[in-house]
Amino acid sequence: MRKFLIFIPIIILGCVNKLQEDRLYLKEIKTKNKVIEWFYYSNVSSTSADYVLLYDTINGESDTIINSTNIKDIRFSNDTITLFFYGKPKKYDDYLIINKTIEYFKIKIDTNSVSKGPIPSRESYLKK
C-alpha cells in the first residue's frame, strides 16, 4: 500500500501541464502594445483545440478571443482581427458565438474556407 502512496504523487506531478511551456505556436501578430497569439497545447490526443489570445505586453494580461477546433488562419489589418474558419466556428461538435469586438479591435469572421479532404498539417514552433 505504501508503494502506491509514493507513486500516486509522482504520477500526478508528471501529468501536470506546464501550460506556458507546452504551447505550440502557429502564428503571432504584433501590433501596438498587443500581441495576437494563435497556438494549441501539446498533448497526447490527436485533436487539440486552438487558442487565439490577445496579449497585452504592458500589463502582462491576456483575453481569449476564441478557443476552436476549426481555425484555418488569422490576420490583422486596420485594427481588425480576421478569423478564418473551415465552416462555422466550433469546438469539437459545439458551435461557438464570437464577440464582434475585443478591447479596441474589431473581430471579423470568415467561414468560407473550404477543406477538401483532411486538414493539412500545420507548422508550429515553441516560443523562446
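Before reading further, recall that the structure is shown in the block above.
Analysis parameters
- Residues numbered from 1 in each chain as written.
- Predicted model: local features only at pLDDT ≥ 70, side-chain atom pairs only at ≥ 80, totals over all residues.
- Heavy atoms only, no water.
- Pairing = 2+ DSSP bridges.
- Helix = DSSP H or I, 4+ residues; strand = E, 2+ residues; numbered from the N terminus.
- Axes fitted to C-alpha atoms, helices over the stretch in contact; angles between N-to-C directions.
- Buried < 20%, exposed > 50% of the residue type's maximum accessible area, 1.4 Å probe, protein only.
- Polar contact = N/O pair within 3.5 Å; in protein donor to acceptor, adjacent residues only side chain to side chain.
- Contact = heavy atoms within 4.5 Å.
- Salt bridge = Lys/Arg side-chain N within 4 Å of Asp/Glu carboxyl O.

## A word on the sheet that holds strand 2 (residues 34–41)
- Strand order in the open sheet formed by four strands is 1-2-3-4, and the pairing between neighbours is antiparallel. The open sheet terminates on both sides in strands that have one partner only, identified here as strand 1 (23–31) and strand 4 (62–68). The sheet shows a mean angle of 20° between the axes of neighbouring strands, taken without regard to direction.
- As paired elements, strand 1 and strand 2 share eight bridges and run antiparallel to each other.

## Some thoughts on the side chain of Asn 70
- Checked against the element boundaries, Asn 70 lands in the loop between strand 4 and strand 5 (71–77).
- Classification of Asn 70 by relative accessible area gives buried; the value is 5%.
- A distance of 2.8 Å separates polar atoms of two side chains, one belonging to Asn 70 and the other to Ser 68.
- Polar side-chain contacts of Asn 70 include one of 2.7 Å to the backbone oxygen of Tyr 86.
- Other than its neighbours up to four places away in sequence, Asn 70 contacts Phe 84, Phe 85, Tyr 86, Gly 87, Lys 88, Pro 89 and Lys 90.

## With respect to unusual backbone geometry
- The residue Asn 78 is not glycine, and still its phi comes out positive at about 50°.
- As for its placement among the helices and strands, Asn 78 is situated in the loop between strand 5 and strand 6 (80–86).
- Positive phi is not limited to glycine here, since Tyr 92 has a value of about 55°.
- If you trace the backbone, Tyr 92 turns up in the loop between strand 7 (90–91) and strand 8 (94–95).
- On the basis of relative accessible area, Tyr 92 is assigned to the partly exposed category, the value being 41%.

## With respect to the pattern of salt bridges
- Per the counting criterion, the structure on display carries six salt bridges.
- Taking the shortest distance from any N to any O, the salt bridge between Arg 23 and Glu 37 comes out at 3.5 Å. Of this pair, Arg 23 sits in strand 1 while Glu 37 sits in strand 2; the two residues are 14 residues apart in sequence, bridging distant segments of the chain. Here Arg 23 matches Glu 37 in class, with each residue buried.
- The partner of Lys 34 in a salt bridge is Glu 103, with the nearest N and O atoms 2.5 Å apart. One end of the pair, Lys 34, is in strand 2; the other, Glu 103, is in the loop between strand 9 (101–102) and strand 10 (105–113), and 69 residues separate them in sequence.
- A residue is classified by how much of its surface remains accessible, and Lys 34, at 4% relative accessible area, is buried.
- Given a relative accessible area of 45%, Glu 103 falls into the partly exposed group.
- Among the charged side chains, a network of salt bridges with common partners joins Lys 27, Asp 73 and Arg 75.

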